Amino acid sequence: MFACGVYGFITRKNMIAMLVSLELMLNAVDINFVVFNRYLFPGAFEGMFFTLFAIAIAAAETALAIAIIINIFRAEKNIDVRNLDKMKF
Amino acid sequence: MEIVNMDYTQFLAMKQEIGLLIVFIVVFLYDTFLPAKSQKALPGLTAVLMLILTVCGIVFEAVAPETLSKTAFAGMYVSTPVIAALKTILNVGVVIVLIQSVNWANSSFMAMRRGEFYELLLVTLFGMYLMVSARHFLLFVIGLESASLPLAAMVALDKNRYESHEAAVKYILTAVFSSAIFMLGLSFVYGLTGSLYFNDIYAALTGAGVNMMLIVALAAVVSGVGFKLSLVPFHLWTADVYQGAPTSVTSYLSVISKGAAAFAFLVILVQAFGMLYAQLWEWMLYALIILTITVGNLFAIRQKNMKRFLAFSSVSQAGYIMLGVISDGAPVATAAMMFYILVYIFSNLAAFGVIGAIERASGKLSMDDYRGLYRTNPRLSVAMMLAMFSLAGIPPFAGFFSKFFIFTGALSAPGVGTAMYVLVLIALINTIVSLYYYLLVVKAMFIADDQCVIEPFRSSASERLGLWITVAGIIGLGIASWFFSELNVLTATYPLI
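Since the structure is predicted, the reported quantities are computational estimates derived from the model, not experimental observations.

Cut-off values and rules
Residues numbered from 1 in each chain as written. Chains lettered and ligands numbered in written order. Predicted model: local features only at pLDDT ≥ 70, side-chain atom pairs only at ≥ 80, totals over all residues. Heavy atoms only, no water. Helix = DSSP H or I, 4+ residues; strand = E, 2+ residues; numbered from the N terminus. Rg over C-alpha atoms; globule rule 2.2 N^0.38 Å. Buried < 20%, exposed > 50% of the residue type's maximum accessible area, 1.4 Å probe, protein only. Contact = heavy atoms within 4.5 Å. Areas by Shrake-Rupley, 256 points an atom, 1.4 Å probe, with all protein chains shown as cover. Lys, Arg positive; Asp, Glu negative; His and termini not counted. Charge placed at Lys NZ, Arg CZ, Asp CG, Glu CD. Axes fitted to C-alpha atoms, helices over the stretch in contact; angles between N-to-C directions. Parallel < 35°, antiparallel > 145°, perpendicular 65-115°, else oblique. Left-handed = near helix turned anticlockwise from the far one by under 90°. Nonpolar A, V, L, I, M, F, W, Y, C, P; charged D, E, K, R; others polar. Buried area = accessible area lost by both parts, 1.4 Å probe. Salt bridge = Lys/Arg side-chain N within 4 Å of Asp/Glu carboxyl O. Polar contact = N/O pair within 3.5 Å; in protein donor to acceptor, adjacent residues only side chain to side chain. Phe/Tyr/Trp six-rings, centres within 6.5 Å; stacked < 30°, edge-to-face > 60°. pLDDT = per-residue confidence, 0-100. Core = buried A, V, L, I, M, F, W, Y, C linked by side-chain atoms within 4.5 Å.

Asks: Would you mind showing me how to read the overall build of chain A here?
Replies: Scanning chain A from terminus to terminus reveals three helices and zero strands. Starting at the N terminus and ending at the C terminus, chain A contains elements arranged as α-α-α. For 89 residues, the compact-globule formula gives about 12 Å, and the C-alpha radius of gyration of chain A, at 17 Å, lies well above that figure. Over its C-alpha atoms, taken along the principal directions, chain A stretches across nearly 55 × 25 × 25 Å. Here chain A holds 89 residues, and 40% of them are scored as buried. For chain A, restricting intrachain contacts to residue pairs at least 6 apart in sequence, the fraction spanning at least 24 positions comes to 51%.

Asks: Explain the overall build of chain B to me, please; I cannot follow it from the model alone.
Replies: Counting its secondary structure elements, chain B contains 19 helices and two strands. Relative to a compact globule of 497 residues, whose C-alpha radius of gyration would be 23 Å, chain B shows 22 Å and is just as compact. A principal-axis box enclosing the C-alpha atoms of chain B has dimensions of 70 × 60 × 45 Å. Considering chain B as a whole, with its 497 residues, one finds that 64% of them fall into the buried category. Here the analysis covers contacts within chain B between residues at least 6 apart in sequence; of these, 80% occur between residues at least 24 apart. When the accessible surface of chain B is summed, it comes to about 17200 Å², and 70% of that surface belongs to carbon and sulfur atoms. Side-chain charges of chain B comprise 26 positive and 24 negative groups, with the mean position of each set lying 9 Å from the other.

Asks: Can you help me understand the environment of L298 of chain B in this one?
Replies: Mapped onto the elements of the fold, L298 of chain B is located in helix 11 (residues 277-301). Along the sequence, L298 of chain B and F407 of chain B sit 109 residues apart, while their C-alpha atoms lie 21 Å from each other.

Asks: Is there a simple way to explain the packing of helix 3 (residues 81-105) of chain B against helix 18 (residues 461-479) of chain B in this structure?
Replies: Any two packed helices are characterised by the angle at which their axes cross and by the distance between the axes. All names here are of chain B. At a minimum axis separation of 7 Å, helix 3 and helix 18 run at an interaxial angle of 155 degrees. Here helix 18 runs roughly antiparallel to helix 3, going by the angle between their axes. In this structure, helix 3 meets helix 18 at a crossing whose hand is left-handed. Of the residues in helix 18, those touching helix 3 at I96, I99, Q100, V102 and N103 are S462, E463, L465, G466, I469 and T470. Residue composition of the contact of helix 3 with helix 18, grouped by class: five nonpolar, five polar and one charged.

Asks: I would appreciate a short explanation of the interface of chain A and chain B in the present structure.
Replies: Frequently, the measure chosen for interface size is the accessible area that the parts lose on association. Of the residues lining the interface, 39 residues belong to chain A; the matching set on chain B comes to 46 residues. Together chain A and chain B conceal approximately 3800 Å² of surface at their shared face, both sides included; 80% is due to carbon and sulfur atoms. Linking chain A with chain B are zero salt bridges, by the criterion used here. Across the contact surface, chain A and chain B share five residue pairs in polar contact (both at pLDDT 80 or more). Counting only elements with at least two residues in the side of chain A that touches chain B, the list comes to helix 1 (2-11), helix 2 (15-40) and helix 3 (46-76) of chain A. Take the side of chain A that touches chain B: its biggest share by element is 16 residues, from helix 3 of chain A. Counted by class, the side of chain A that touches chain B contains 28 nonpolar, five polar and six charged residues.

Asks: Sorry, what's going on with the packing of aromatic side chains here?
Replies: Each aromatic ring pair is characterised by the separation of its centres together with the angle its planes make. Using the criterion set out here, one finds 35 aromatic pairs over all chains in the structure. Seen in terms of ring centroids, F36 of chain A and F188 of chain B are 6.5 Å apart; in terms of plane orientation they differ by 65 degrees. Their pairing is edge-to-face. A residue pair is termed interchain when its members come from two chains, as with F36 of chain A in helix 2 and F188 of chain B in helix 6 (residues 162-193). The two residues F36 of chain A and F188 of chain B agree in class, both being buried. Each ring, one from F137 of chain B and one from F198 of chain B, has its centre 4.6 Å from the other, and the planes form 50 degrees; the classification is tilted. You can see F137 of chain B sitting in helix 5 (residues 137-155) and its partner F198 of chain B sitting in helix 7 (residues 198-205), a full 61 residues away along the chain. For the pair formed by F137 of chain B and F198 of chain B, the shared burial category is buried.

Asks: For this particular structure, what's the right way to read the confidence of the model for chain B?
Replies: Close inspection of predicted coordinates is inappropriate for parts of the model with low pLDDT. Taken as a whole, chain B shows an average pLDDT of 89; of its residues, 99% reach a score of 70 or greater. Scored by ipTM, the complex comes to 0.93, with pTM at 0.93.

Asks: Can you help me understand the nonpolar core in this one?
Replies: By size, the foremost hydrophobic cluster in this structure holds 216 residues, and its most contacted members are M50, L125, F137, F182, Y252, F263 and F273 of chain B. Residue contributions to this core peak at 19 residues, all from helix 13 (residues 331-362) of chain B.

In structure tokens:
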């Protein structure tokens, strides 16, 4: 799932699709934590709590990224990353 | 599991955090409730409040350092005089950034958004405080995210400029990508050790062999923090973001967030992964430092835009800061790193202060526009020259001593071998390369006898004050290098481990 997310992030040209791929990566991490917690360390809840916080952080990240993408859409009228090449070395 | 009532008095252990929170609340209430005509005083008010916080930090450090040693939340949060000193160093930088940004914040465009800028800035600073104080990865991740997410909003603040949006989207996507990788590494560490406390991880890794999963986990953690520090090969966002962001935000991003991330990186590597020093991360850092310094320098040579130029220069400076991390938390190296961060704050903010003043007065950002600047604006050119000399490391300015101490620190690790001498030699050679491009700016300003396109202008009082402070810092820290030995005593008394 994490690898799917990385693949999507690298290949997608639409910024929303890139964001979805990023969500996929974050969710993969969350599942990883929950599974490790459930099967390796069933006595404690550290992984579960980490997951709860990670979900909240991911939600904040998405909200901010969407806001910035909407700004780009207003300026550019599309959200293709290939257009974001005004600054290059 | 028994249920324990939480002891709320332990929040009092977080002295500096509470101070910062009070500043934040005052600024927020001022911004929200006071009438529009009194809002012009907000930048000044924020700067003064942060100055008070800084002075309090220095006084505490000087009078009663032992009162700053605190632990809270079952060891999740730790504060020692060394960490408090680093936070005070960050505060110094923030005060200078605030002073320099007064003029920009009172421009007609920013009038609506003035409060947001200061609130976001204080929140990111709070996140950085948590980052350097965290001894548990949950608290660390929260600090990291609250330090980097509001920064994306700050980068996007300049709504009328297209570059600002482009920079913001590049920043947020790479930041989320890197934190995902970082958390993946953490999940593997958790799977291997069963804990997220730094010292539990350290204990669990003691005696355990190195396996594939551990290598992947550590590489993911290092690359995640490497993104924040813009180490090569994770530096690609740096130049674009620095160029696109408003200049005040760029200067904040380049010094404060970099300093905090570097120190947090040191704490993680030493306290959680200290057992793997010789086997794994010494060599990871070795490669990263060589790449960072060299690539940063080589790309800086071909830049024409001043902000991009400083972006690549800051990439290579981050490599030098990492020299303080590679000796596994030796007290001298830690002190050298803190000194380097302080000097870097002064030198880089002096450069950004000049660039910001010129950008505001004339809109010019290209290096070619700086040709013959000495004829039209002699004082700004001298300030810029001092900043460049300090960044390049020419004695007697502060930059020379910070580089000198950080090289000493890198060689102070126990059992230092030939490899480390080679590393320092490479760093030294790179200093000479960097001299070339820093002096290109000086040459453009002083020696080129073209007609300068930048008209003579008088910068505003706040900008001049900011420049005077930074110039005083550059020269003062160069002369008063005893400050380093003070830091050295501090780090030796309260070692990281």
